[in-house]
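Each chain, letter by letter, is given below.
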Amino acid sequence: MSRVQVALAAGLALIVVAVVATLSTARAVVARTSPLPAKEQIAITEHSATACQAGEALPGGTSAIRLSLAAFTGPRATVRIYSGSHLVVQGERGTGWTGSVLTIPVRPLARSYADVRVCVSIDLAGDERVEIFGTHTKPSVAALAGNGQALKGRMQIEDMRPGSRTWWSLAALVARHMGFGNFAGGAWNVVLVLALVVAIAAVSSRLILRELP
Amino acid sequence: MSKRSTTKARTPASKTNGSRAARPPAPRAQPAPRRQAGRQAAPRAERARSWLGLRAALRRIPRAAWVCALVAVLNAACWSILTPPFQVPDEPNHFAYVKQLALTGHLPKPGVGPEFSNEEVRVIDALHAYEIREQQENRTITTRSQQNALQRALQEGEPSSERAPVSTGVAASQPPLYYALEAVPYSLGGNLLDRLELMRLFSALLGGLTALFVFLFVREALPGAPWAWTVGGLSIALFPLLGFMSGAVNPDAMLFAVSAAMFYCLARAFQRGLTAGMAVALGALTLIGLATKLNFIGLVPGVFLGILILGVRAGRSHGRAGYRSLGIALAVAGSPVAVYAAIRLASHRSAFGIVSSGVALTHGSLLKELAYIWQLYLPRVPGMSNYFHGVFTARQIWFDGFVGLYGWLDTPFPAWVETLALIPAALIAILSIRAIVSSRAALRARLAELAVYVVMGVGLLGLIGADSYLVFPTLNAEFGQVRYLLPLLPLLGAVLVLAARGAGRRWGPVAGALVVVLFLAHDIFSQLQVLARFYG
């Protein structure tokens, strides 16, 4: 075998191993979500700010907190969760995230906590604004800003943990979902995608072997 | 195709022309039909010769280049199936533009009519497209009842009856060429989702052209190691962001292809000289680019600089004939643009529409705008105000975006993948620099050509920066999206070729194979990421 053949074979084998390993991991699932009926903007800030929300629960095994914060080039954000005055767990996401959902990983929790306070700190320097989404509520149950003032409602907070099902076991479900909302219904989409990926890998490999000495 | 071979190919045609021209005129008494037949025969023969010339030119393209194009088409087709309808930036708007053009023959006018047609709104609603967009917690429709509702929305849609004007939102300001071409697949029929897929497949063909021209560009620009051309062309064909954008309805797909063709023509002209044919090609490509997407204007200063340098060189070596080529290129490229600008200025509008406003200062001084544009790409230098607090733009906006940001910029890789990707990126950079250093003497002789590519790149970056500055600080970097840099894909192809060559003669092909495998892996895992995001 030539060096190129060895490199190609090793590279392709590595891809297969990595794909198998990835599909053998468990999908993250929502362990608990705020029971909110709508998703509305409850606050907008152009400066560093903190918002705390009481009356939350934290299931055991939680490994990330998903917040509905929106920014284009997001600033550093920190989440701290308190039980009374005791800091249960905290996590941080650096600058540069984009979108309207921010997932902040935290140290996996060994047990559940009831009635915790979730505090979110945004480290802005007066450039881009950050929007916080949730549901409008009465001020008495709304999240509170750092100065104690009530926001327009409660923040959307979701607790994430690793699921029990691997991607392999979800394959049939994913294939079914791919059959909806697309031009060719049913399993054809899955078959087409798989056939195309195999064809791309085969044609590319053949070209490498033909052209590279 | 070398200059010599071009001459060879054209010589017989010229002789034939000459012999026809030397024929005595037909006698007056000759019947009219025969005279007409004679007049028609010449253009027919001319057409036949052009056709043969084109076929010969196409035959001279290496088979590897066609295979790269095929891989890019297959890849974009795969992305077109994988990405849910309307989950690509601005796809609903571009679809609306095509529909308006196809059904009414008129361009959309900003602010006139609703953003989308009733049919499109119904389907978007049934797909829950706005609930999915930018909200990672939401998946595509997943139940039979939702699918049935979608089918009803698709059947309710009666496109032929919808001729009311729509404004198409952000797409309205774009020139019409891509949309006019997309009107063909749109008109092939079926329901809205069928037409959307046909339009996406047309974009996929343009993705193939992009890979083809990247291959041809690296062949002209870096002719030293033919095996390495495949590394550049194939890696670009597998580049997931190209597949994602070329698997969608978006004029970016055509912009990438036209830009790659422009890089190829410039490289070819620098290698072989500016002929009249190449001058026409450069001018025509400039026009096509400007009629495709306004972003092309960022490349124009570099293109004109290139034409100027090539024209002066041709003038020095071929005298008046050389300067004539310069004139042809500038006339073909420049005159319609000048007429367009003159008409707009005469009607008291900005010369180039949205581009004029993009480069105009809206707030602050020119120095502040330049400082902003600098920091959008590079670390701040002492003395500049800080426009991106705590954000390392080169890494967090551009590199992380290059690694992967799909859907409506709502489908990134985990942060650890972006960090891991720094390792192969650094290796590729080191190998490329090694190749550049070892061939610096050859590079010195091509400084003018390099300067042209640099001006094209800087022009595009400047345009993106100026447009982003318009909405700053409401949004830090609205146009800080890697897809806007993809007109520079040929330069990435060149970097990858240099990286393979930088590993040396012995290990170069191995490094090249690994670079291609890296891009294949990048593509596969990007698709898995999208799969998990939308269907998981």
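Residues numbered from 1 in each chain as written. Chains lettered and ligands numbered in written order. Predicted model: local features only at pLDDT ≥ 70, side-chain atom pairs only at ≥ 80, totals over all residues. Heavy atoms only, no water.

## Focus on the overall build of chain B
Here's step 1: When helices and strands are tallied, chain B shows 24 helices and 2 strands.
Here's step 2: Expressed as a percentage of its 536 residues, the buried residues of chain B come to 52%.
Here's step 3: Considering only contacts in chain B between residues 6 or more positions apart, those separated by 24 or more positions represent 78%. (Helix = DSSP H or I, 4+ residues; strand = E, 2+ residues; numbered from the N terminus. Buried < 20%, exposed > 50% of the residue type's maximum accessible area, 1.4 Å probe, protein only. Contact = heavy atoms within 4.5 Å.)

## Concerning the overall build of chain A
Here's step 1: Counting its secondary structure elements, chain A contains 3 helices and 13 strands.
Here's step 2: Expected size for 213 residues packed as a compact globule is a radius of gyration near 17 Å; at 23 Å, chain A overshoots this value by more than 25%.
Here's step 3: For chain A, the spread of C-alpha atoms along the three principal axes comes to 70 × 40 × 40 Å.
Here's step 4: Classification of the 213 residues of chain A by burial places 46% in the buried group. (Rg over C-alpha atoms; globule rule 2.2 N^0.38 Å.)

## Examining helix α5 (residues 118–127) of chain B
Residue and element names in this part refer to chain B.
Here's step 1: Every buried residue belonging to α5 is among E119, E120, V123, I124, A126 and L127, and all of these are buried. Buried residues of α5, seen end-on, are gathered within an arc of 165 degrees and therefore sit on one face of the element.
Here's step 2: In this structure, the buried residues of α5 make contact with α4 (91–104), α6 (129–132), α7 (144–156) and α9 (192–221).
Here's step 3: One or two residues past the end of α5 sits H128, with phi positive at roughly 60 degrees. (Arc of directions from axis to C-beta.)

## Concerning the confidence of the model for chain B
The predicted coordinates ought not to be read in detail in places where the model reports low pLDDT.
All names here are of chain B.
Here's step 1: Averaged over chain B, the pLDDT score is 87; the fraction of residues at 70 or greater is 87%.
Here's step 2: Contacts for the low-pLDDT stretch residues 1–37, under 50 throughout, to residues beyond four places or in other chains number 19 contacts.
Here's step 3: Interface predicted TM-score (ipTM) for the complex: 0.89; the corresponding pTM is 0.88. (pLDDT = per-residue confidence, 0-100.)

## So, the nonpolar core
One recurring pattern in soluble globular proteins is that nonpolar side chains are buried together.
Here's step 1: Ranked by size, the top nonpolar core spans 169 residues in total, and within it B:F217, B:L282, B:Y372 and B:M456 carry the most contacts.
Here's step 2: Looking at this core, the element that brings in the most residues is helix α12 (residues 252–272) of chain B, giving 15 residues.
Here's step 3: Each residue touching B:Y372, except ones within four places of it in the same chain, is listed here: B:Y387, B:F388, B:G465, B:S468, B:Y469, B:F472, B:N476 and B:A477.
Here's step 4: One finds A:I65, A:L102, A:V116 and A:M155 within the second-largest nonpolar core, a separate group that totals 30 residues. (Core = buried A, V, L, I, M, F, W, Y, C linked by side-chain atoms within 4.5 Å.)

## Examining the state of the cysteines
Here's step 1: Using the criterion set out here, one finds 1 disulfide over all chains in the structure.
Here's step 2: Here A:C52 connects covalently by a disulfide to A:C119, the sulfurs 2.0 Å from one another. Across the S-S bond linking A:C52 and A:C119, the dihedral sits near 115 degrees, which makes this disulfide right-handed. Residue A:C52 is located in strand β3 (residues 49–58), and its partner A:C119 is located in strand β9 (residues 113–123); the two are separated by 67 residues in the primary sequence.
Here's step 3: Residue A:C119 is classed as buried on the basis of its relative accessible area, which comes to 6%.
Here's step 4: Here B:C68 is not disulfide-linked; the sulfur of B:C78 is the nearest cysteine sulfur, at 18 Å.
Here's step 5: In this structure B:C265 is not part of a disulfide, and its nearest cysteine sulfur, from B:C68, lies 18 Å away. (Disulfide = S-S within 2.5 Å.)

## Quick word on the sheet that holds strand β6 (residues 76–83) of chain A
All names here are of chain A.
Here's step 1: Pairing within the open sheet is antiparallel, and its 5 strands lie in the order β7-β6-β9-β3-β11. Of all strands in the sheet, those bounded by a partner on one side alone are β7 (86–93) and β11 (144–145).
Here's step 2: As defined by bridge partners, β3 adjoins β9 across 7 bridges and the pair is classed as antiparallel. Looking at the pairing, T50 lines up with S121 of β9. (Pairing = 2+ DSSP bridges.)

## A few points about the packing of helix α1 (residues 3–23) of chain A against helix α3 (residues 188–211) of chain A
All names here are of chain A.
Here's step 1: Where α1 meets α3, the axes come as close as 10 Å, and the angle between the chain directions of the two elements is 160 degrees. Overall, the two elements α1 and α3 adopt an arrangement that is roughly antiparallel. Every pair of crossing elements has a handedness; the one defined by α1 and α3 is right-handed. Here α1 contributes V4, Q5, L8 and L12 to the contact with α3, which in turn contributes S205, I208 and L209.
Here's step 2: Of the residues that constitute the contact of α1 with α3, the class distribution is 5 nonpolar, 2 polar and no charged. (Axes fitted to C-alpha atoms, helices over the stretch in contact; angles between N-to-C directions. Parallel < 35°, antiparallel > 145°, perpendicular 65-115°, else oblique. Left-handed = near helix turned anticlockwise from the far one by under 90°. Nonpolar A, V, L, I, M, F, W, Y, C, P; charged D, E, K, R; others polar.)

## Regarding the environment of B:A269
All names here are of chain B.
Here's step 1: Structurally, the position occupied by A269 is in helix α12.
Here's step 2: For A269, a relative accessible area of 1% translates into the label buried.
Here's step 3: Through-space distance from the C-alpha of A269 to that of L282 is 9.4 Å; in sequence the pair is 13 residues apart.
Here's step 4: Setting aside chain neighbours within four positions, we find A269 in contact with L274, M278 and L310.

## Some points on the packing of aromatic side chains
Here's step 1: Summed over the entire model, instances satisfying the criterion amount to 22 aromatic pairs over all chains.
Here's step 2: By the ring-pair criterion, three or more aromatic residues cluster together here, those being B:Y372, B:Y387, B:F388, B:Y469 and B:F472.
Here's step 3: The residue whose ring lies beneath A:R27 is A:W167, and the NZ or CZ to ring-centre distance is 6.0 Å.
Here's step 4: A cation over an aromatic ring shows up here: B:R133 above the ring of B:W408, its NZ or CZ 3.6 Å from the ring centre. (Phe/Tyr/Trp six-rings, centres within 6.5 Å; stacked < 30°, edge-to-face > 60°. Lys NZ or Arg CZ within 6 Å of the ring centre and 35° of its normal.)

## Examining unusual backbone geometry
All names here are of chain B.
Here's step 1: In this structure, E134 takes a positive phi of about 60 degrees despite not being glycine.
Here's step 2: Structurally, E134 is set in the loop between α6 and α7.
Here's step 3: Since its relative accessible area comes to 31%, E134 is described here as partly exposed.
Here's step 4: The phi dihedral of L409 is positive, around 55 degrees, even though this residue is not glycine.
Here's step 5: Within the element layout of this structure, L409 appears in the loop between β1 (405–406) and β2 (411–412).
Here's step 6: Exposure remark for L409: the relative accessible area of 14% places this residue in the buried category.

## A few points about the sheet that holds strand β1 (residues 26–33) of chain A
Residues and elements named next belong to chain A.
Here's step 1: If you walk across this open sheet you meet the 4 strands as β1-β13-β4-β8, and the pairing is antiparallel. Either end of the sheet is taken by a strand with one partner, and the two such strands are β1 and β8 (102–105). The mean inter-strand angle of the sheet, taken between neighbouring strand axes irrespective of direction, is 35 degrees.
Here's step 2: Examined bridge by bridge, strand β4 (residues 64–67) and strand β13 (residues 157–166) share 4 bridges and lie antiparallel to one another. Residue pairing across strands places I65 opposite D159, the latter belonging to β13.

## Thoughts on the environment of B:V280
Residues and elements named next belong to chain B.
Here's step 1: Checked against the element boundaries, V280 lands in helix α13 (residues 276–292).
Here's step 2: Taking the C-alpha atoms as reference, V280 lies 6.6 Å from V332; in sequence the two are 52 residues apart.
Here's step 3: Excluding residues that lie within four positions of it along the chain, V280 makes contacts with I328 and V332.

## Digging into the side chain of B:D90
Here's step 1: Positionally, B:D90 belongs in the loop between α3 (63–82) and α4.
Here's step 2: Take B:D90: its relative accessible area is 18%, and that puts it in the buried class.

## Structural notes on the interface of chain B and chain A
Here's step 1: Each partner contributes to the interface: chain B provides 70 residues, whereas chain A provides 51 residues.
Here's step 2: Taking both partners together, chain B and chain A bury about 5400 Å²; carbon and sulfur atoms supply 70% of that area.
Here's step 3: For the chain B face of the interface with chain A, the top three residues by lost area are B:I81, B:E137 and B:Y535, together amounting to 12%.
Here's step 4: Our count for the contact surface shared by chain B and chain A stands at 0 salt bridges.
Here's step 5: The tally of links between chain B and chain A comes to 7 residue pairs in polar contact (both at pLDDT 80 or more).
Here's step 6: For the side of chain B that touches chain A, the secondary-structure elements that each account for two or more residues are α3, α7, α9, α10 (226–238), α18 (393–403) and α24 (504–535) of chain B.
Here's step 7: The residue inventory of the side of chain B that touches chain A, partitioned by class, reads 44 nonpolar, 18 polar and 8 charged. (Buried area = accessible area lost by both parts, 1.4 Å probe. Salt bridge = Lys/Arg side-chain N within 4 Å of Asp/Glu carboxyl O. Polar contact = N/O pair within 3.5 Å; in protein donor to acceptor, adjacent residues only side chain to side chain.)

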